[in-house]
Structures are given as structure tokens and as C-alpha cells.
Amino acid sequence: MLNFSNNNGLNNSKTVGPIVWSIAGSDNVGGVGIQADSLTIQDLGGHACRVVTAITAQNSEKIANITPTPSNLMLNQLNCLLNDYMPSAIKIGVLANTEQFQLISQWLETVLANHQQKHELDIPIIWDPVMVSNDGQSLTVVNNEPTVHDYLSLAKQVTLITPSGFELKHLADMFTIDDVSGESALDCLANVLSTNILITEGDSDNKYVTDWLAAKSIAHTSAYHEHQHIGFKSSRVSHTHQGTGCILSSAIATTMALGHPLLDAIVIAKAYVQQGLLNAHCLDKSPSILARKGWPNDLLHFPEILLPKYPSVSMMPLLKFAGITEPLQVYTVTQSLNVLEQVLKAGARTVQLRIKFDADTVNQDQVQCHLDKIENDIIRAIALGRQYKAQVFINDHWQLALKHSAFGIHLGQEDLLQADLSQIAEAGLALGLSSHGYFEMLLVQQLSPSYLAIGHIFPTPTKQMPSLPQGLLKLSRYCQLLNGKMPLVAIGGVTMHNLPQLKATLVNDVAVVRGIELAENPGQSWQAFQQKWQALT
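Predicted model, so just to flag it, every value in this text is computed and none were measured.

Draft legend 1. How the structure looks around the overall build of the chain. Looking only at helices and strands, one finds 18 helices and 20 strands in the chain. The proportion of buried residues among the 537 residues of the chain is 55%. Put simply, 67% of the contacts in the chain that link residues at least 6 apart link residues at least 24 apart. Of the roughly 23,000 Å² of accessible surface on the chain, 50% is carried by carbon and sulfur atoms.

What follows is the structure, encoded as C-alpha cells:
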């Protein structure tokens with residue numbers, strides 16, 4: 001009987017970067033499997049640890065032999081690693097027989113789950129269900145193939161499954177899934193397995209290939225980006241290649257280990273693979289090997305985001321919004337007309353009025369009074385903007401902003417998906433948008449807004465957010481990626497003390513909330529922020 005015990009050690013001091021495990025087969029060529037995973041993990045800034053599930057004898061044309069790792073040895077690998085090198089993420093590749101499926105499922109469900117609970121961890125697990133080689137050879141032992149129950153048991157432990165189109169069809173056949181009741185095999189399989197599924201090499205034509213995600217519940221993500229289909233569309237690369245599935249899944253695991261939520265990890269991994277494909281090299285006459293170019297920083301390598309659930313988003317490239325008339329620099333976000341007027345008097349050229357209203361928290365008899373007050377405040381804010389020749393943006397209340405001809409509107413991700421963007425563009429208003437990571441940033445930059453606010457950079461009590469603080473490294477990468485495309489604004493936890501750090505990221509402007517709104521003299525506070533920001537080089 002196999003023993004699942006370990007001493008739950010936490011000694012990670014011997015390594016640098018987040019630890020990412022690859023549980024996969026060994027490829028003596030180095031283009032796929034655990035070798036490709038290791039190169040990817042290290043290239044993206046992680047430390048790769050390995051649990052070998054099988055030894056293969058193969059080249060670019062065939063697999064001559066595959067020998068599964070004995071179960072006791074696999075278990076020893078798992079427990080030894082957990083004792084000393086606890087993972088921040090796990091990628092699973094080839095599992096060679098039903099015993100390995102059962103071993104990994106049980107170990108994840110017992111040992112790792114207990115470990116996560118004890119140490120309050122949430123370790124993402126990415127499963128690339130590799131079933132056959134490029135030449136069509138099965139990668140599981142004949143007469144010892146995993147059962148439907150084995151797949152179900154493992155699927156309930158993982159964050160994301162990344163089958164190719166062929167593997168999706170094989171899984172659908174296993175679960176006797178047909179295209180019934182208007183649901184695709186992808187939807188049905190995601191419902192059966194109760195997890196997120198990304199089908200790679202999905203819809204394609206001569207120019208583009210689109211991977212589709214059947215999204216379920218996703219941590220640190222807006223509810224509007226869950227429980228739907230999301231497409232990731234990239235230019236097709238014509239030459240043959242090895243290891244894209246392995247590299248994509250290990251890149252997703254690594255970027256999640258680095259603190260990116262799932263949707264961000266997918267777009268980063270897609271860009272990493274695209275970058276590698278475009279710079280691939282060949283060894284002799286074999287299929288090309290993806291190049292290792294480090295963190296992707298070229299917008300051309302990132303996929304286009306498709307949201308069929310929100311068809312208005314597909315209109316984004318056709319719309320044109322007014323630009324800002326002068327740099328935003330330090331601008332105040334406030335719910336107070338008094339604060340807004342004081343900073344305008346002090347010389348502010350950009351202000352945002354953000355009045356939040358939840359009808360469920362207000363006595364029903366007073367709802368209309370609250371709505372009337374909001375409209376009056378918006379009318380007054382717009383008038384103050386004209387008086388001081390300033391750029392006043394109205395947050396969320398886009399209908400009222402349109403009605404009273406505001407200079408601009410600022411929308412969050414949720415409001416963006418519900419607002420009539422055509423009306424805003426046709427009215428000639430400027431449009432500012434919010435983003436909280438790579439996925440949202442890529443989605444909204446397709447619209448070419450007047451500016452893009454990125455947050456929250458530092459922890460802030462101003463509002464509850466599903467996303468985690470972005471931090472300075474991520475902000476710096478966003479600025480590099482979108483350099484010159486539109487003004488970028490840092491928001492969230494901005495103080496006088498961290499202005500130099502923000503300036504060093506090359507972000508264009510900063511938005512301040514509490515530091516000005518709660519100041520004894522908001523006008524003087526704005527001036528202090530503005531003077532320091534301008535003085536920084």
C-alpha cells in the first residue's frame with residue numbers, strides 16, 4: 001500500500017524565483033515534455049522541479065519506447081519535493097497508465113490539499129492531458145489506459161485543463177458527449193469535469209488561430225469574465241513545431257506562480273509561445289524548436305480577446321473616442337463636489353467625479369431623491385469643468401454624462417460591457433477605462449480609449465476589488481507593453497512617498513483618491529502632489 005505521508009516542510013530558501021513543479025515524461029530530444037517545461041519555467045523567472053512520470057526513447061519522427069516510472073518512485077519524488085521545495089504552481093503532463101492517474105489524484109486530494117489548508121495556500125494546477133504523440137502513438141500503456149473515472153478524479157483537482165482539438169475530441173468520445181441542446185463539446189466537457197478548459201489550436205483559417213476557454217469560476221477576476229466563452233486569437237505561424245502544448249501549459253503555471261490570475265496567465269503564455277514560434281529554429285531536418293526569449297513585451301505577440309457573450313465588444317476597433325486635450329498628470333478622483341471645486345481652483349486640469357450608488361442599500365421611498373441628487377451633482381461638476389476649462393470625467397453614470405454633454409466618461413470593466421459605446425463615441429466624448437491586469441488591459445486597449453487607468457497598484461481601502469494589488473513590476477511591464485499607444489495612469493494607494501517609484505515605471509500619470517479627498521485642504525494637497533510629480537525625472 002502506498003504511503004502518502006510527508007513532514008510538510010517549508011524550506012524554500014535554497015532556490016530563487018517561485019517554485020513550479022512539472023509532473024511529466026522525459027523527452028531525450030528536449031523539445032517536449034519535462035525538458036521543455038523546465039526551460040519554459042526558468043525562462044519566465046521560476047525555479048523548475050521535476051517529477052518524472054516516464055522515460056522515453058524518441059526523436060522528431062517517432063517514439064521508439066516509453067517506460068512508466070514505478071508508482072512508489074513517483075510517490076517518493078512527490079513527497080521529497082514537498083518536504084523541501086513546496087510549489088507555487090504545478091503543471092501536469094503525460095501520465096502513462098491508470099496507476100499514475102490514481103496516484104496523482106489521491107496525492108493531490110490528500111497530501112497537497114492538507115498542506116494547502118495548513119499553510120493557507122492556493123496552488124494552481126494546470127493539466128495538459130497529453131494522450132498521443134505527433135506521429136499518432138499512444139502515450140499510455142496499452143491495456144492499462146486510464147478510465148473515465150480516472151479522468152474525473154484528476155479533473156476535480158485542477159485549475160485548468162489544456163487539451164488540443166484532437167485531445168478534446170478524444171475526451172468527448174470518452175464521456176460520450178455529442179453536440180446536444182445547442183452546447184458544444186467544449187461546454188459539455190467543462191460542465192462534466194467542473195473546471196476551466198482551454199482548447200488549444202481551436203478555430204483556425206489561413207491567417208489566424210483562436211484558442212477557446214470555457215471559463216468557470218476564476219479567482220481574483222471580475223464576475224463578468226467568468227462562466228463564459230473567451231477567445232484568444234493569434235496570427236498563424238506556418239512552419240511545423242514541437243512542444244507548443246507543453247510550453248503553453250507550463251508557461252501558464254509559471255505566470256500564475258508569479259502572482260498573475262488565470263486569465264492574465266493565459267494571455268502571457270499565449271504571447272510567450274507566439275514569440276517563441278516567430279523566433280523558432282530548426283535542428284537538422286526536425287520540426288522547429290521554440291526560441292526562449294524571456295518575458296513577452298511586444299504587443300504584437302499578445303492575442304486579441306474575443307467575448308461572444310458581449311457582442312458590443314466586437315465593435316471596439318470601429319469606434320473612435322475623443323482624445324484628452326492636455327496631459328492628465330496628477331488628477332483627483334472624488335465623490336465630493338466641494339473637493340472637485342477646490343482642486344479645480346488650485347489649478348487641476350483633470351478631475352473625475354465618482355459617485356457610487358446602490359439602490360439595494362437605500363430606502364425605496366428615497367431612491368428617486370438620491371438619483372436626482374446624483375444628476376444635479378453631475379450637472380454642477382460639468383459646469384465647473386467648463387468654468388475652469390478642465391477635463392472633468394464622470395464615472396459610471398454614462399447616460400447622465402451623455403445627457404449633459406460631459407467632457408468625458410470613465411468606465412470600469414463591468415460598466416464597459418453594459419454601456420452603449422457607440423453613443424459615447426458618436427457624441428464626441430473622451431473615454432477613460434480601468435484595467436486590473438494583462439487580460440483586462442488587452443481587452444480595453446483594443447478600443448483605443450482616451451486613457452487607461454491601471455490599478456490598484458498598492459493595497460488600498462478605498463473600494464473592495466476582486467483583483468490583487470498589481471505592484472510596481474507589473475506596472476512597469478504594462479508601460480513597456482503599451483508604450484506610446486495611449487496615456488497610462490496608475491491608481492490605487494498612491495501617496496507622496498511612492499510617487500518616485502511610480503515615476504520610475506514610466507507611467508504617464510497618477511490618480512489620487514484618499515490623499516487628496518481626505519486632506520484638510522484638498523486644493524493644497526493636489527498642488528503638493530502635482531509639484532512633486534512634475535519635479536521627478
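Moving on from the model shown.
Draft legend 2. Geometry of the side chain of T254. Structurally, T254 can be placed in helix α7 (residues 244–257). Since its relative accessible area comes to 0%, T254 is described here as buried. Not counting chain neighbours up to four residues away, the residues in contact with T254 comprise V20, I41, L44 and G46.

Draft legend 3. Highlighting the packing of aromatic side chains. Across all of its chains, the model carries ten aromatic pairs by this definition. Geometrically, the ring pair formed by Y331 and Y451 is edge-to-face, given 6.0 Å between the ring centres and 65° between the ring planes. Of this pair, Y331 sits in strand β13 (residues 330–334) while Y451 is found in strand β18 (residues 451–454), placing the two residues 120 residues apart along the sequence. Here Y331 and Y451 have matching classes, each one buried. Geometrically, the ring pair formed by Y438 and Y478 is edge-to-face, given 5.0 Å between the ring centres and 80° between the ring planes. With Y438 in helix α14 (residues 438–445) and Y478 in helix α15 (residues 471–481), this residue pair connects regions lying 40 residues apart in the sequence. For Y438, a relative accessible area of 1% corresponds to the buried category. Pairwise contacts between aromatic rings join Y331, F393, F407 and Y451 into one cluster. If you follow K233 out to its NZ or CZ, it ends over the ring of Y208, 4.5 Å from the centre.

Draft legend 4. Layout of α15. Of the positions making up α15, those classed as buried are K474, L475, Y478, C479 and L481. Down the axis of α15, the smallest arc covering the buried residues is 160°, so these residues share one side. Turning to α15, the residues buried within the fold contact α14, β18, β19 (488–491) and α16 (499–504).

Draft legend 5. Structural view of the pairing of strand β2 (residues 47–58). The pairing of strand β1 (residues 19–26) with β2 spans eight bridges and is parallel. If you follow S22 over to β2, its bridge partner there is R50. The parallel pair β1 and β2, bridged by helix α1 (residues 33–43), forms a crossover whose chirality is right-handed. Looking at chain direction, β2 and strand β3 (residues 63–68) are connected through five bridges and run antiparallel. Residue Q58 lies in a different strand from β3, and its bridge partner there is I63.

Draft legend 6. Region of interest: the packing of α7 against helix α8 (residues 262–278). Contact geometry of α7 with α8 gives a least axis separation of 8 Å together with a crossing angle of 135°. By the angle class used here, α7 and α8 are oblique. Relative to α8, α7 is oriented so that their crossing is right-handed. Touching T244, I247, L248, A251, I252, T255 and M256 of α7 are L262, A265, I266, I268, A269, K270, Y272, V273 and L277, all from α8. Class assignment of the residues belonging to the contact of α7 with α8 gives a composition of 13 nonpolar, two polar and one charged.

Draft legend 7. How the structure looks around the side chain of Q413. Within the secondary structure, Q413 is located in helix α12 (residues 413–416). Residue classification places Q413 among the buried positions, given a relative accessible area of 1%. A distance of 3.5 Å separates the side chain of Q413 from the side chain of H225, its partner in a polar contact. Once you skip the residues sitting within four places of it in the chain, Q413 turns out to touch H225, S434, S435, H436, E440, L443 and V444.

Draft legend 8. Representation of unusual backbone geometry in the model. With an omega of -15°, the peptide bond between G455 and H456 qualifies as cis. One non-glycine residue, S194, lies in positive phi territory at about 55°. By the element assignment, S194 lies in the loop between α6 (185–193) and β7 (196–204). In this model, D396 sits at a positive phi of 70°, which is unusual for a non-glycine residue. By the secondary structure assignment, D396 is in the loop between β15 (391–395) and α11 (398–403).

Draft legend 9. Molecular detail of a nonpolar patch on the surface. On the surface, a nonpolar cluster with roughly 180 Å² of combined accessible area is contributed by V148, L152 and V192. The residue L152 is located in helix α4 (residues 148–155) in this model. For L152, a relative accessible area of 32% corresponds to the partly exposed category.

Draft legend 10. The arrangement of the sheet that holds strand β20 (residues 509–512) in detail. The strand order around the closed barrel built from eight strands is β13-β14-β15-β16-β17-β18-β19-β20, with neighbouring strands paired in parallel fashion. Geometrically, the sheet is characterised by an average inter-axis angle of 25° between neighbouring strands, direction not taken into account. Pairing geometry for strand β14 (residues 350–353) and β15, over four bridges, is parallel. The partner of V351 across the bridge, within β15, is V392. Together, β17 (430–435) and β18 form the strand contacts of α14, whose direction differs from that of β17 by roughly 160°.

Draft legend 11. Seen up close, the pattern of salt bridges. Under the counting rule described, the total for this entry stands at nine salt bridges. A salt bridge links K270 to D211; its shortest N-O distance comes to 2.8 Å. Here the residue K270 occupies a position in helix α8, and D211 occupies one in strand β8 (residues 208–214), the gap between them amounting to 59 residues. Accessibility expressed as a relative area gives 4% for D211, which makes it buried.

Parameters at a glance
- Residues numbered from 1 in each chain as written.
- Predicted model: local features only at pLDDT ≥ 70, side-chain atom pairs only at ≥ 80, totals over all residues.
- Heavy atoms only, no water.
- Helix = DSSP H or I, 4+ residues; strand = E, 2+ residues; numbered from the N terminus.
- Buried < 20%, exposed > 50% of the residue type's maximum accessible area, 1.4 Å probe, protein only.
- Contact = heavy atoms within 4.5 Å.
- Areas by Shrake-Rupley, 256 points an atom, 1.4 Å probe, with all protein chains shown as cover.
- Phe/Tyr/Trp six-rings, centres within 6.5 Å; stacked < 30°, edge-to-face > 60°.
- Lys NZ or Arg CZ within 6 Å of the ring centre and 35° of its normal.
- Arc of directions from axis to C-beta.
- Pairing = 2+ DSSP bridges.
- Right-handed = clockwise from strand over helix to strand, strands pointing away.
- Axes fitted to C-alpha atoms, helices over the stretch in contact; angles between N-to-C directions.
- Parallel < 35°, antiparallel > 145°, perpendicular 65-115°, else oblique.
- Left-handed = near helix turned anticlockwise from the far one by under 90°.
- Nonpolar A, V, L, I, M, F, W, Y, C, P; charged D, E, K, R; others polar.
- Polar contact = N/O pair within 3.5 Å; in protein donor to acceptor, adjacent residues only side chain to side chain.
- Patch = residues over 30% accessible without salt bridge, like charges linked within 9 Å, V, L, I, M, F, W, Y side chains within 5 Å.
- Salt bridge = Lys/Arg side-chain N within 4 Å of Asp/Glu carboxyl O.

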